[in-house]
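# Structural features, examined
Here is what each chain is made of, one letter per residue.
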Amino acid sequence: MLPPTVQVKVWGDYALFTRPELKVERVSYPFMTPSAARGILDAILFRPQMFWHVRRITALIPWWIPDATNRPNYSTMSILRNEIQGKISEPDVKKWMNGATPEPYLVDSAGRDSPGGAKRTQRHSLVLRDVAYLIDASPLLTAKANLPRTKPQGIDEPEGVDSIAKYVAMFQRRVAKGQCFHHPYLGIREFACHFAPPDGSEQPATHWNEDLGIMLHDVAFKDEKYHPNFFQAKIENGVLHCDYRDHGPGNLPPVKLLGQPVIEPLV
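Here's a quick rundown of the structure. Everything numeric in this text was worked out from a predicted model, so none of it was measured.

Glancing now at a nonpolar patch on the surface. On the surface, I88, V93 and M97 cluster together into a nonpolar patch covering about 280 Å² of accessible area. Along the chain, V93 falls in helix α2 (residues 90-97).

Structural data, given as structure tokens:
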């Protein structure tokens, strides 16, 4: 049995949870992915001594939209953005550091046929609009817990042994104060999100029942490689059960991860 969960309410005007099979023209999943939820939790509280295990995500009815209870389960819009086609290479940077004349990396609005716009391209993105979620997660200790610190503890971290209760209390305090290491976002950094502790006024989208098919669960980085995991995502009464370690609402069995085996920095 996993430790008690923490909860945080997040919402925003736009979201883009990119489907990895459609990456040139970005298309969002219709629901938040567990990896995006973990990114929000890490933005609020990250410590090498623990990691976030996302258990479930609940879709909430956006309270700032008039008559939101009668709108579709999700709403999308298409946007067109200017993007760069590459990045400055490491050999070029080394040449400039050794005295070579730097060449500017120009990305302006003059058009791709001009020298200034040669590295610019335009791409569509299909994004979600007016989203709100309730994230349930458990902090789990890593192998670095209770080892000698190489850096001083944070000013908001109490003294004492590393424990689940310690990080639960830290997270709850930071959410209540609106503290974060960097502003959390909904899929991509352009779409920042608000966060707050739930106050009981939230309305779950209980009318939402949908099988989303295969969805990205998370990506682990090990041995200088990315290891993605996927799972069969299904929304039941507005809740996405994504816990691969324990049962979910209604005694649902743990989800089965597909792809690379899960990598956990457990003790």
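In the structure shown here, the tally under the stated rule is eight aromatic pairs. Relative to W63, the ring of W11 has its centre 5.2 Å away and its plane inclined at 65°; by these criteria the two rings are edge-to-face. In this pair, W11 is assigned in strand β1 (residues 6-15) and W63 in the loop between β3 (50-59) and β4 (75-84), connecting sequence segments 52 residues apart. Here W11 falls in the buried class, since its relative accessible area comes to 19%. For W63, a relative accessible area of 44% puts it in the partly exposed group. The structure contains a cluster of three or more aromatic residues connected by ring pairs, namely F17, F31, Y74, Y133 and W208. Directly above the ring of W63 sits K9, whose terminal nitrogen or CZ lies 5.0 Å from the centroid.

On to unusual backbone geometry, then. Of note in this structure, D130 is not a glycine but carries a positive phi near 55°. Structurally, the position occupied by D130 is in strand β5 (residues 120-141). A positive phi is found at N146, a non-glycine position, where the angle reads about 65°. The class for N146 is partly exposed, based on a relative accessible area of 45%.

How each quantity is defined
- Residues numbered from 1 in each chain as written.
- Predicted model: local features only at pLDDT ≥ 70, side-chain atom pairs only at ≥ 80, totals over all residues.
- Heavy atoms only, no water.
- Patch = residues over 30% accessible without salt bridge, like charges linked within 9 Å, V, L, I, M, F, W, Y side chains within 5 Å.
- Areas by Shrake-Rupley, 256 points an atom, 1.4 Å probe, with all protein chains shown as cover.
- Salt bridge = Lys/Arg side-chain N within 4 Å of Asp/Glu carboxyl O.
- Helix = DSSP H or I, 4+ residues; strand = E, 2+ residues; numbered from the N terminus.
- Phe/Tyr/Trp six-rings, centres within 6.5 Å; stacked < 30°, edge-to-face > 60°.
- Buried < 20%, exposed > 50% of the residue type's maximum accessible area, 1.4 Å probe, protein only.
- Lys NZ or Arg CZ within 6 Å of the ring centre and 35° of its normal.

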